[in-house]
Amino acid sequence: MTWNVPNILTVIRLLAAPALAVMFLYFNTPWADWFALILFVTAALTDFVDGYLARAWKQESKFGAMLDPIADKAMVLIALLVIIGFSGVKPWILLPATMIFFREVFVSGLREYLGDKASKLKVTKLAKWKTTAQMIAIAVLFSQGIFADRFVELTQAMDPQMIDAIITGQQEDLNGLLWVQKGANASYYGGIALLWIAAGLTLITGWDYFVKALPFLKDDTK
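A brief report on the enclosed structure follows. (Residues numbered from 1 in each chain as written. Predicted model: local features only at pLDDT ≥ 70, side-chain atom pairs only at ≥ 80, totals over all residues. Heavy atoms only, no water.)

1. Points about the overall build of the protein chain
Per the secondary structure count, the protein chain includes seven helices and zero strands. Listing every helix and strand of the protein chain by position from the N terminus yields α-α-α-α-α-α-α. Expressed as lengths along the three principal axes of its C-alpha atoms, the size of the protein chain is roughly 80 × 40 × 30 Å. In the protein chain, which comprises 222 residues, the share counted as buried stands at 42%. Counted over contacts in the protein chain with a minimum sequence separation of 6, partners at least 24 positions apart contribute 79%. Element-wise, carbon and sulfur atoms account for 67% of the exposed surface of the protein chain, whose accessible area totals about 13,200 Å². Measuring between centres, the 19 positive side-chain charges of the protein chain sit 14 Å from its 18 negative side-chain charges. (Helix = DSSP H or I, 4+ residues; strand = E, 2+ residues; numbered from the N terminus. Buried < 20%, exposed > 50% of the residue type's maximum accessible area, 1.4 Å probe, protein only. Contact = heavy atoms within 4.5 Å. Areas by Shrake-Rupley, 256 points an atom, 1.4 Å probe, with all protein chains shown as cover. Lys, Arg positive; Asp, Glu negative; His and termini not counted. Charge placed at Lys NZ, Arg CZ, Asp CG, Glu CD.)

Printed below as a string of structure tokens:
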């Protein structure tokens, strides 16, 4: 195991994955949402930085090549579990998340079965886009919680009639309630749309990996 900057960043990203769930165990909203968003975005950025540094500094290693996809999957899957848990298990979030879970488990099992042969199946550009789409979708969905918390904070002293009057433009919006509502809606529906796109890319790359692995799965004929 080689301890260099790229590998250290990868280990930090791996440790950040369970820390996402811890944020919601020890902090209340909106702090938990803020901490989770900052932690996730920072960890996601290290995914690009560690690979770039490893190539630029010629510090690519077997340890980094092994741990990098594990850290990515841990980040994505744990973040999705947190989002599902705090979204009320809505089907339009649960279904694409399930597709992502299924693909990652299937491909991980396939790689384990192939063993050394798995290294012959190179990561495609589409697979990298898949990971990027997943992380952007999750970051946007985390931001939705921040907008939602802010909306609740601004409307605590308001009755439903006042809230409705502000939203419909019948009463002046002195606290920026409309912008918060628009941000909450945009991040929620935009995050869901991005999650479905990520799920589609996830299944496509999973199928591509399976097709490429088929030659290694054929039984020897006598």
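From this point on, the discussion continues.
2. Observations concerning the pattern of salt bridges
Applying the stated criterion across every chain yields a total of nine salt bridges. Salt-bridge contacts for K130 lead to E104; the nearest nitrogen and oxygen are separated by 3.4 Å. In this pair, K130 sits in helix α5 (residues 125–154) while E104 sits in helix α4 (residues 91–114), placing the two residues 26 residues apart along the sequence. The exposure classification of K130 matches that of E104, with both residues buried. (Salt bridge = Lys/Arg side-chain N within 4 Å of Asp/Glu carboxyl O.)

3. Remarks on the layout of surface pockets
When its volume is computed, the largest pocket comes out at roughly 1,800 Å³. Along the walls of the largest pocket sit 47 residues, with G64, A65, D68, P69 and V123 positioned nearest its centre. Sorting the residues of the lining of the largest pocket by element identifies α1 (5–26), α2 (31–56), α3 (62–87), α4, α5 and α7 (177–213) as the ones contributing at least two each. Looking at which element gives the most residues to the lining of the largest pocket, the answer is α3, with 10 residues. When its residues are assigned to classes, the lining of the largest pocket shows 15 nonpolar, 14 polar and 18 charged. (1 Å grid on protein atoms, 1.4 Å probe; cavity = no way out; pocket = protein on both sides within 12 Å on 5 of 7 lines; lining within 4 Å. Points joined across faces, edges and corners; volume = space filled by probe spheres on them. Nonpolar A, V, L, I, M, F, W, Y, C, P; charged D, E, K, R; others polar.)

4. Observations regarding the side chain of T10
In this fold, T10 is placed in helix α1. Look at T10 and you get buried, because its relative accessible area is 4%. Here P6 takes part through its backbone oxygen, which lies 3.0 Å from a polar atom of the side chain of T10. Excluding anything up to four places from it in sequence, T10 contacts D50, L67, D68 and A71. (Polar contact = N/O pair within 3.5 Å; in protein donor to acceptor, adjacent residues only side chain to side chain.)

5. A short note on the nonpolar core
The nonpolar side chains of a soluble globular protein tend to be buried, and buried together. If you look at the biggest cluster of nonpolar residues, it comprises 35 residues, and the most contacted ones within it are F40, I138 and F142. Where this core is concerned, the elements lending two or more residues are α1, α2, α3, α4, α5 and α7. Apart from the residues lying within four places of it in its own chain, the contact partners of I138 are F40, V76, A79, L80 and I83. Within the second largest apolar cluster, seven residues are counted, among which are L110, L114, Y209 and A213. (Core = buried A, V, L, I, M, F, W, Y, C linked by side-chain atoms within 4.5 Å.)

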